[in-house]
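# Notes for the structure review
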Amino acid sequence: GAGVSQSPSNKVTEKGKDVELRCDPISGHTALYWYRQRLGQGLEFLIYFQGNSAPDKSGLPSDRFSAERTGESVSTLTIQRTQQEDSAVYLCASSLVGGGNSYEQYFGPGTRLTVT
Amino acid sequence: AQSVTQPDIHITVSEGASLELRCNYSYGATPYLFWYVQSPGQGLQLLLKYFSGDTLVQGIKGFEAEFKRSQSSFNLRKPSVHWSDAAEYFCAVGARGGGSQGNLIFGKGTKLSVKP
């Protein structure tokens, strides 16, 4: 079936503008994750959604970052008043139910965000 | 706190040569362990995982990894590298139970170049 999709693939925005990034997980995957990958760095966890539970927002770097997910479908990551340090690739992943299998995450191709 | 160290930022090997990518982790117990590969412009693809049992795990594309508890290591190996293996490789750990289920902690990655 289809994998995780993300849009847009690239986004260039001016400092101070708001951006929305979208993630479509694999159908039936109850867990969804957002990560940030800065140039030359590993992935940095941002937020985690599991079913209808309250999301784990512990990785969000500031209150300019927020994310929503409708049920077990699409998620949007919003960055308000973007700063140059927000420039990165934002990766979305999804996985099946909890326990060890939660960690078998399937990643989308990412959205490359450039803040000028 | 959990952490993952990949000591080699960049490795170059000749096609047909053997490969070993190092990964060390810091965690209070045995975590779940993963290796992902990221080709240019692509999302991450799971190569292999260790949950429990046999400490030598086989993955896709001819890769294997060995979990060594005494050394807190999970090194990735391949006996004969192909040019198509050129990519960036990430080691990751996940906590067993509690906290953000499924959240992975990633190393900073090792970039593999393959000489003809």
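See the structure shown above.
Only a predicted model underlies this, so the values are computations on that prediction, with no experimental measurement involved. (Residues numbered from 1 in each chain as written. Chains lettered and ligands numbered in written order. Predicted model: local features only at pLDDT ≥ 70, side-chain atom pairs only at ≥ 80, totals over all residues. Heavy atoms only, no water.)

### Concerning the side chain of D56(A)
Residues and elements named next belong to chain A.
- Secondary-structure assignment places D56 in the loop between β5 (43-50) and β6 (65-69).
- Despite its burial, D56 pairs with no opposite charge; the closest candidate is K57, at 9.6 Å N-O.
- In terms of polar contacts, D56 uses its side chain to reach the side chain of S58, at 2.7 Å. (Helix = DSSP H or I, 4+ residues; strand = E, 2+ residues; numbered from the N terminus. Buried < 20%, exposed > 50% of the residue type's maximum accessible area, 1.4 Å probe, protein only. Lys, Arg positive; Asp, Glu negative; His and termini not counted. Salt bridge = Lys/Arg side-chain N within 4 Å of Asp/Glu carboxyl O. Polar contact = N/O pair within 3.5 Å; in protein donor to acceptor, adjacent residues only side chain to side chain.)

### Focus: the state of the cysteines
All names here are of chain A.
- In total, this model carries two disulfides over all chains according to the counting rule given.
- Here C23 pairs with C92 through a disulfide, and the sulfurs are 1.9 Å apart. Where C23 bonds to C92 through sulfur, the torsion about that S-S bond is close to -65°, and the disulfide is left-handed. One end of the pair, C23, is in strand β3 (residues 19-24); the other, C92, is in strand β8 (residues 88-95), with 69 residues separating them in the sequence. (Disulfide = S-S within 2.5 Å.)

### Quick look at the side chain of D85(B)
- Here D85(B) shows up in the loop between β9 (73-78) and β10 (87-94).
- Exposure remark for D85(B): the relative accessible area of 4% places this residue in the buried category.

### Section: the sheet that holds β6(A)
Residue and element names in this part refer to chain A.
- Spatially, four strands are ordered β1-β3-β7-β6 in an open sheet, and the strand pairing comes out antiparallel. The open sheet has two edge strands with one neighbour each: β1 (5-7) and β6. Mean inter-strand twist for the sheet, computed between neighbouring axes without regard to direction, equals 15°.
- As paired elements, β3 and strand β7 (residues 75-79) share five bridges and run antiparallel to each other. Counterpart to C23 in the pairing with β7 is S75. (Pairing = 2+ DSSP bridges. Axes fitted to C-alpha atoms, helices over the stretch in contact; angles between N-to-C directions.)

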